[in-house]
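Residue-level listing of the chains:
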Number of protein chains: 2
Amino acid sequence: MRGFSFFERASRAFKQYPSLSKVLVLVSVSGAGLVAYSDSSSPHVTQAASEGDRKKKKVVVLGTGWAGTSFLKNIDASQYDVQVVSPRNYFAFTPLLPSVTCGTVEARSIVEPIRNIIKKKNGEIRFLEAECFKIDPTSKKVHCRSTQETDFEGKEEFIVDYDYLVVAMGARSNTFNTPGVVENCHFLKEIEDAQNIRRSVIDCFERANLPCLSDEERKKNLHFVVVGGGPTGVEFAAELNDFIEEDLGRLYPNVKDMVQITLLEAGDHILSMFDKRITSFAEEKFQRDGINVKLGSMVVKVTDKDISTKERSNGQISSVPYGMVVWSTGIGTRPVVSEFMQQVGQGNRRVLATDEWMRVLGCNNIYALGDCATINQRKVTEDIAAIFSKADKDNSGTLTVKELKEVVNDICERYPQVELYLKNKGMKNIVDLLKAGGGNGADELDIEKFKTILSQVDTQMKILPATAQVASQEGEYLANCFNRMEECEKNPEGPLRMRGSGRHKFHPFRYKHLGQFAPLGGEQAAAQLPGDWVSIGHSTQWLWYSVYASKQVSWRTRMLVVTDWTRRFIFGRDSSRI
Amino acid sequence: MRGFSFFERASRAFKQYPSLSKVLVLVSVSGAGLVAYSDSSSPHVTQAASEGDRKKKKVVVLGTGWAGTSFLKNIDASQYDVQVVSPRNYFAFTPLLPSVTCGTVEARSIVEPIRNIIKKKNGEIRFLEAECFKIDPTSKKVHCRSTQETDFEGKEEFIVDYDYLVVAMGARSNTFNTPGVVENCHFLKEIEDAQNIRRSVIDCFERANLPCLSDEERKKNLHFVVVGGGPTGVEFAAELNDFIEEDLGRLYPNVKDMVQITLLEAGDHILSMFDKRITSFAEEKFQRDGINVKLGSMVVKVTDKDISTKERSNGQISSVPYGMVVWSTGIGTRPVVSEFMQQVGQGNRRVLATDEWMRVLGCNNIYALGDCATINQRKVTEDIAAIFSKADKDNSGTLTVKELKEVVNDICERYPQVELYLKNKGMKNIVDLLKAGGGNGADELDIEKFKTILSQVDTQMKILPATAQVASQEGEYLANCFNRMEECEKNPEGPLRMRGSGRHKFHPFRYKHLGQFAPLGGEQAAAQLPGDWVSIGHSTQWLWYSVYASKQVSWRTRMLVVTDWTRRFIFGRDSSRI
């Protein structure tokens, strides 16, 4: 009966062996050359322990964002009984969210069902579409609630036990308690946000096109305000400008000239986390594009009609009417995480503090990663006595170069700020530092001198940014630790314990920065690559296309995103209000 | 600066000359062969009248569905001042709505901004995103209201003047006043409906996957009920079955066996408007697929948990719990159309009655087409005396064959039922009928004999179905009449006026049935083609693909729909709940 068996077979083969031929070639016309990408992220296969009578430990993962999904992709499900709880049954490729706001890519092109991701694993991972509203570290339980509105007759809440808990719930938008923001502004964190913004932009144009409005009212409706000059806000402003210039302008010719985009930034510059060359290029480009960039301008209130700002320079407060505001000023804590932080004695913090192995400080068997957590790097100055006594093997009260050389790798691994400090000072290793600090010819150090030498080291400590790249690497790292738990229990591979005996079980997490992009509209982008390389222009945009296509989580989304870009090149963006 | 000028130029060329190379070739593997399609629907270019001082007549079109859009695509905007009012700023290719419910195609792939369609016209057409809530035929005004929720300070309502009004507002779903339907059921008429159904299906599966539910509760959540065995209901049931079999089953293996699809039809058969061969094929296929088809089952009540049906055979009422109900039982009247019908003395009707030239009976300069209207074909029996006296040129009181031959074409054009009657009786023309009725050898007829002969003719009158095909042809027909208004004023081209003198200005509308499809799932479809040809099976599904791809309103949607189908073949449907 089924005469299309060829197709069926072919499609099934493709679905079952998605890694068959993972090579994507993007030919760049603008001169970026040929970028070939080969995806080799096959799951880390670990020998499954013979099950028999031994019961698997329960791992519960909260969240399906970058951190959670990266953990799930890498965990060996044959070793653990893994459950995921998240209100979103999909993973979203958030760096493309600003593109979704204007239809450059479609929302569905950047999401992948989490069940699709986990079913490829070496064992069963269960997914529950629910929101965790309470973590109980004492009895090792999480309390969850279905996000659906149907009447469950009291069965919408349930409890999940865990042996290990992985908290990867991300963050929410930070309003800094500015009045009126929640009620009147759009955020840009979730897929729904991007879809709402897209509809809202079209709404503004349709409203401005109705008869009976004065020109002033039309201008009000076409005043788009973006709050926050970070990468997301800047990219959204650029996308919106492109959308209007390339597409909406032709469809709404009567009101095109009334459009105004304003970008409000409280600091001195937009894209302040980037190199100065990128910042000034972006500011100049926006000026040429007619985007009104207001620096040093802090939003103090938003009503349903006006947005009020305070100039940092002179304290003057002014209000302007708007059609739409997008609020993108950084991240805040989710209520459930705040409550959990209270419980574990971290109540005065903004995000969960963990050690370098992602373990939440103050509790057992709970790990936190991604935007809801930050790694509290241990300070050298706090451990200086322990380090000294560990290094001073002969208990002579002084350190020789030989003694120091023996522990130098462990010190550098445990305290990465030491390495950074050396690099900044142009030194090769800690022995150079010792020589420099110890004075001429001295090859022995007492504890006072040791303290002096290392006293400046902690200034190099860096807090990792709340980016997809960090979260993704953290998830992969933690899954690999879980996969090698038994092995490393026997043969610890980490650095020496300075305050205790023996070695740490695992190497501490190390973030590897691969660079960051800032698309600026008009087929131009800026990129800050490792080693402070800076690249700006059209070819960088093509690099951006290649990298973002290659980083997609599945071949389905990769095809969709590339199709969306192609479609946009040929036909422009769609302005239907759906 | 802009190094990608090749791409820009290429894409601009494509956008500006969309008819450059309108040939789409779909290669069918299953044996349907090669179907090539060439789109030749270039706008009907009419010589624009020299404007000078003459003021253009105002044409207001209500609605952007099949009828309205087809009118807009064909109207010569240089002759008229055309305005469109519709709450939807896009045209939707509704025959693919059932595919959208399960993600076989994306919602955005089947919509095209109406501004994109009208900007290609030979002049300016204005679009207003608003809902018409009152038609005032006396003062030739329509009252409109913006559909947006923003506070307009009283400016959300406005009035539009017209000289000619084209009512193409479509219909809404008909609940037959069954209690609980509006509150608890999904409809399938708009894009939003399809999107809601898609989310709701995933919701049912996620709910059934939560812990703490009994198997009975899981089964309840996975009971999908479709009310109405028409083409839409049947196609949706088939799509849903495919979605579950091919995609959801693999992602939700634990609950797969608890799924049940029930199709309720009040009549004796599903797809009753199709040939019997198609009906029985569909019923048998659904039985094999495990879809529970309940014939003769009328829904009497829907609560938030149960749906109650009454068996037509024995009057027994029974209730079953459900997870989701889709209601698809035919069309009802929109409130604004009902009110308008009251005003023009059509209060006891279901849809607006028009004459064969789409003019609404009982008012001037108002036209209605599409699902909100129906053509009241004039009866021969009502006009029989007038026809007789028109034909009897010599006023002899009898008709000769010669006299009849002179008016036969006009009669057949004015009363298409005559032609249908002849065809059914196997006669070549009206003279045969006359001979058959007049008895042997008689070549003259008096009025009584004429009445007897034609008395059965009106039984052949057909009401046109409420389909996209009819609406689209009506829109094109009416636009062509408008375009040739002046020309035909001088040289009327229609049939003789039987009751008046002279000729009708235009030929009356004639519907040309091009066939109808019923996709049945599992890559099989049924088609009823003109001349009662019936085609069922896999090759018909490929024919369906070709026809639906070729009928898309723009090259953008065509590319998107074909990409969606390809994506579905390779990767399956997406089950992310967005």
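As the structure is a computational prediction, the values presented were derived from the model and not from experiment.

Conventions used here
- Each chain has its residues counted from 1, running along the sequence as written.
- Ligands are numbered from 1 and chains lettered from A, in the order in which they are written.
- Selection of residues for local features in this predicted model requires a pLDDT of at least 70, selection of side-chain atom pairs for listing and counting requires 80 or more, and totals for whole chains, interfaces and linings are taken over all residues.
- Excluded from the side-chain calculations are hydrogens and water; all other atoms, namely the structure's heavy atoms, are used.
- Here a helix means four or more residues in a row that DSSP labels H or I, a strand means two or more in a row labelled E, and each is numbered from the N terminus.
- To sort residues, take the accessible area from a 1.4 Å probe on protein chains only and compare it with the maximum for the residue type: under 20% means buried, over 50% means exposed, and anything in between is partly exposed.
- In what follows, a contact means two residues having at least one pair of non-hydrogen atoms within 4.5 Å.
- The accessible surface values rely on the Shrake-Rupley method and a 1.4 Å probe; as for residues, cover is taken only from the protein chains in view.
- Here the buried area means the combined drop in accessible surface, using a 1.4 Å probe, for two parts upon being joined, counting both sides.
- Take a side-chain nitrogen of Lys or Arg and a carboxyl oxygen of Asp or Glu: if they are within 4 Å of each other, that pair is a salt bridge.
- Pairing of N or O atoms within 3.5 Å defines a polar contact, subject to two protein rules: one partner must be a possible hydrogen donor and the other a possible acceptor, and residues neighboring in sequence count only if both atoms are side-chain atoms.
- Here the copies are matched by least squares. The fit uses the C-alpha atoms of residues with pLDDT of at least 70 in both.
- A helix is expected to reach a length of 1.5 Å times the quantity of its residues less one.
- Whether two strands pair depends on DSSP finding at least two bridges between them.
- Here the axes come from fitting lines to C-alpha atoms, over the contacting stretch only for helices, and the angles between their N-to-C directions go from 0 to 180 degrees.
- UniProt positions are given in the numbering used here, feature names are shortened, and annotations may be inferred rather than shown by experiment.
- Less than a right angle of anticlockwise turn of the near helix away from the far helix marks a crossing as left-handed, whereas a clockwise turn marks it as right-handed.
- Each residue is assigned to one class: nonpolar for Ala, Val, Leu, Ile, Met, Phe, Trp, Tyr, Cys and Pro, charged for Asp, Glu, Lys and Arg, and polar for all the others, Gly among them.
- Each aromatic pair joins two rings of Phe, Tyr and Trp (for Trp, the six-membered one) with centres within 6.5 Å, and gets the label stacked for planes under 30 degrees apart, edge-to-face for over 60, and tilted for any other angle.

Trainee: Can you walk me through the overall build of chain A in this structure?
Mentor: Counting its regular elements, chain A contains 19 helices and 27 strands. Counting every position in chain A, which comprises 578 residues, the buried fraction comes to 55%. Pairs at least 24 apart in sequence give 64% of the contacts found in chain A among residues at least 6 apart. Carbon and sulfur atoms provide 49% of the accessible area of chain A, an area that totals close to 25,200 Å².

Trainee: What is the right way to read unusual backbone geometry from this model?
Mentor: When glycine is set aside, most residues are seen to have a negative phi, and most peptide bonds are trans. All names here are of chain A. Even without a glycine there, the phi angle at Cys212 is positive, about 75 degrees. Relative to the helices and strands, Cys212 is located in the loop between α6 (191–208) and α7 (215–221). Of the residues examined, Cys212 reaches a relative accessible area of 46% and is grouped as partly exposed. Residue Asn365 is not a glycine yet carries a positive backbone phi of 60 degrees. Here Asn365 is to be found in the loop between β20 (352–354) and β21 (366–368). Overall, Asn365 belongs to the partly exposed group, its relative accessible area being 29%.

Trainee: Got a minute to help me understand the interface of chain A and chain B in this structure?
Mentor: A common way to report how large an interface is uses the accessible area buried once the components associate. Counting from both sides, the interface comprises 72 residues of chain A and, opposite them, 71 residues of chain B. Of the roughly 7,100 Å² buried between chain A and chain B, counting both surfaces, carbon and sulfur atoms make up 62%. When the buried area of chain A at its contact with chain B is split by residue, Arg108(A), Phe571(A) and Ile578(A) rank highest and sum to 11% of it. In this structure, the connection of chain A to chain B is made through eight salt bridges. The closest approach of N and O atoms between Arg108(A) and Asp574(B), which form a salt bridge, is 2.9 Å. Between the two partners, chain A and chain B, sit 22 residue pairs in polar contact (both at pLDDT 80 or more). When contributions to the side of chain A that touches chain B are tallied by element, the ones reaching two or more residues are α1 (5–16), β6 (111–113), α4 (114–118), β7 (125–136), β9 (157–161), α6, α8 (231–251) and α19 (555–571) of chain A. If you tally residues by element for the side of chain A that touches chain B, the top one is α19(A), at nine residues.

Trainee: Looking at this structure, I do not really get the environment of Leu295(A). What am I missing?
Mentor: Following the sequence through the fold, Leu295(A) ends up in strand β14 (residues 292–295). Here the alpha-carbon distance between Leu295(A) and Ile270(A), two residues 25 residues apart in the chain, equals 7.6 Å.

Trainee: What exactly am I supposed to notice about the relation of the copies chain A and chain B here?
Mentor: One copy of the chain maps onto the other through a rotation about an axis followed by a shift along the same axis. It takes a turn of 180 degrees to lay chain A on chain B, together with a shift of 0.0 Å along the axis; the resulting RMSD is 0.0 Å. On the angle and the small slide along the axis, the relation comes out as a two-fold axis. It is Thr563(A) whose C-alpha, among those of chain A, lies nearest the rotation axis, at 4.1 Å. In this assembly the copies share their binding face: 99% of the residues contributing to the interface of chain A also contribute to that of chain B.

Trainee: Got a minute to help me understand helix α9 (residues 276–289) of chain B in this structure?
Mentor: Every α-helical turn comprises 3.6 residues, leaving residues that sit three or four positions apart pointing alike. All names here are of chain B. Between its terminal C-alpha atoms α9 stretches 20 Å, which fits the 20 Å expected from 14 residues at 1.5 Å a residue. Of all the residues in α9, the buried ones are Ile278, Thr279, Phe281, Ala282, Glu283, Lys285 and Phe286. On its buried face, α9 is in contact with α8 (231–251), β13 (260–265), β14 (292–295), β25 (516–521), β26 (524–529) and β27 (533–537). The N-cap of α9, judged by a side-chain oxygen 2.9 Å from the amide nitrogen of Arg277 a few residues on, is Asp275. Remark: Gly290 follows α9 within two positions and exhibits a positive phi of approximately 85 degrees.

Trainee: Which parts of the structure should I look at to understand the sheet that holds strand β18 (residues 324–327) of chain B?
Mentor: In sheet architecture, strand pairing relies on hydrogen bonds along the backbone and comes in two forms, parallel and antiparallel. Residues and elements named next belong to chain B. Pairing in this open sheet of four strands is parallel, and the strands run β14-β13-β12-β18 from one edge to the other. Where the open sheet ends on each side, the last strands, each with one partner, are β14 and β18. Averaged over neighbouring strand pairs, the angle between their axes works out to 15 degrees when direction is ignored. Contacts between helix α6 (residues 191–208) and the sheet are confined to β12 (223–227) and β18, with β18 contributing the most and set at about 155 degrees to the helix.

Trainee: Sorry if this is basic, but what is going on with the UniProt feature "domain: EF-hand" (unreviewed entry) in chain A here?
Mentor: Within this numbering scheme, the UniProt entry marks residues 379–414 of chain A as carrying the feature "domain: EF-hand" (unreviewed entry). In residues 379–414 of chain A, helix accounts for 72% and strand for 8%; the two terminal C-alpha atoms are 10 Å from one another.

Trainee: Just checking my understanding: could you explain the sheet that holds strand β27 (residues 533–537) of chain A for this structure?
Mentor: All names here are of chain A. Read across the sheet, three strands follow the order β25-β26-β27 without closing on themselves; strand pairing throughout is antiparallel. Among the strands making up the open sheet, the edge pair consists of β25 (516–521) and β27. Here the strands of the sheet are splayed against their neighbours by 10 degrees on average, with no regard to which way each runs. Judged from the five bridges that link them, β25 and strand β26 (residues 524–529) form a sheet pairing that is antiparallel. Its bridge partner lying in β26, Pro519 is registered against Ala525. The strands touched by helix α18 (residues 538–550) within the sheet are β25, β26 and β27, with β25 carrying the most contacts at an inclination of about 125 degrees.

Trainee: It is not clear to me how the environment of Lys57(B) should be interpreted in this structure. Could you clarify?
Mentor: Residues and elements named next belong to chain B. Its location among the elements puts Lys57 in strand β3 (residues 57–62). Between the C-alpha atoms of Lys57 and Asp81, which are 24 residues apart in sequence, the distance is 5.9 Å. Those residues in contact with Lys57 that lie beyond four places of it in its chain are Gln79, Tyr80, Asp81, Asp163 and Tyr164.

Trainee: Help me out: how do you make sense of the side chain of Gln541(B) in this one?
Mentor: Here Gln541(B) lies in helix α18 (residues 538–550). Residues contacting Gln541(B), with those up to four places away along its chain left out, are Pro519(B), Glu523(B), Gln524(B) and Ala525(B).

Trainee: How should I be thinking about the packing of helix α2 (residues 66–74) of chain A against helix α16 (residues 468–483) of chain A in this particular structure?
Mentor: Between two packed helices, both the angle of their axes relative to each other and the distance between the axes serve to describe the pair. Residues and elements named next belong to chain A. Their axes nearest at 7 Å, the elements α2 and α16 cross at an angle of 35 degrees. Crossing hand, α2 versus α16: right-handed. Residues Trp66, Ala67, Ser70, Phe71 and Asn74 of α2 pack against Ala468, Ala471, Ser472, Gly475, Glu476, Leu478, Ala479, Phe482 and Asn483 of α16. The residue inventory of the contact of α2 with α16, partitioned by class, reads eight nonpolar, five polar and one charged.

Trainee: Explanation requested: the packing of aromatic side chains in the structure shown.
Mentor: Ring pairs (aromatic) are described by centroid distance and by the angle formed between their planes. Counted by the stated rule, this structure contains 42 aromatic pairs over all chains. With a centroid separation of 5.0 Å and 85 degrees between ring planes, the pair formed by Trp66(B) and Phe91(B) is classed as edge-to-face. With Trp66(B) in helix α2 (residues 66–74) and Phe91(B) in strand β5 (residues 90–92), this pair connects stretches of sequence that are 25 residues apart. An aromatic cluster is defined as three or more aromatic residues linked by ring pairs; in this entry it consists of Trp66(A), Phe91(A), Phe93(A), Phe517(A), Trp542(A), Trp544(A), Tyr545(A), Tyr548(A), Trp565(A) and Phe569(A).

Trainee: Is there a simple way to explain the packing of helix α11 (residues 380–391) of chain B against helix α15 (residues 447–454) of chain B in this structure?
Mentor: All names here are of chain B. Contact geometry for α11 and α15: axes closest at 10 Å, N-to-C directions at 145 degrees. When the axes of α11 and α15 are compared, the crossing they make is right-handed. Contact residues: Val380, Ile384, Ala385, Ile387 and Phe388 in α11; Ile447, Phe450, Lys451 and Leu454 in α15. Looking at the contact of α11 with α15, its residues break down into eight nonpolar, no polar and one charged.

Trainee: I keep staring at the pattern of salt bridges and nothing clicks. Help me out?
Mentor: A pair can form between side chains of opposite charge whenever their charged atoms are brought close. For the structure on display, the rule yields 70 salt bridges over all chains. Of the charged contacts in the structure, one is a salt bridge between Glu339(A) and Lys134(A), with a shortest N-O distance of 4.0 Å. Of this pair, Glu339(A) sits in helix α10 (residues 335–343) while Lys134(A) sits in strand β7, and the two are 205 residues apart along the sequence. A relative accessible area of 37% means that Glu339(A) is categorised as partly exposed. Note on Lys134(A): relative accessible area 30%, which makes it partly exposed. Glu419(B) is the partner of Arg510(B) in a salt bridge, and the nearest nitrogen-oxygen pair spans 3.6 Å.

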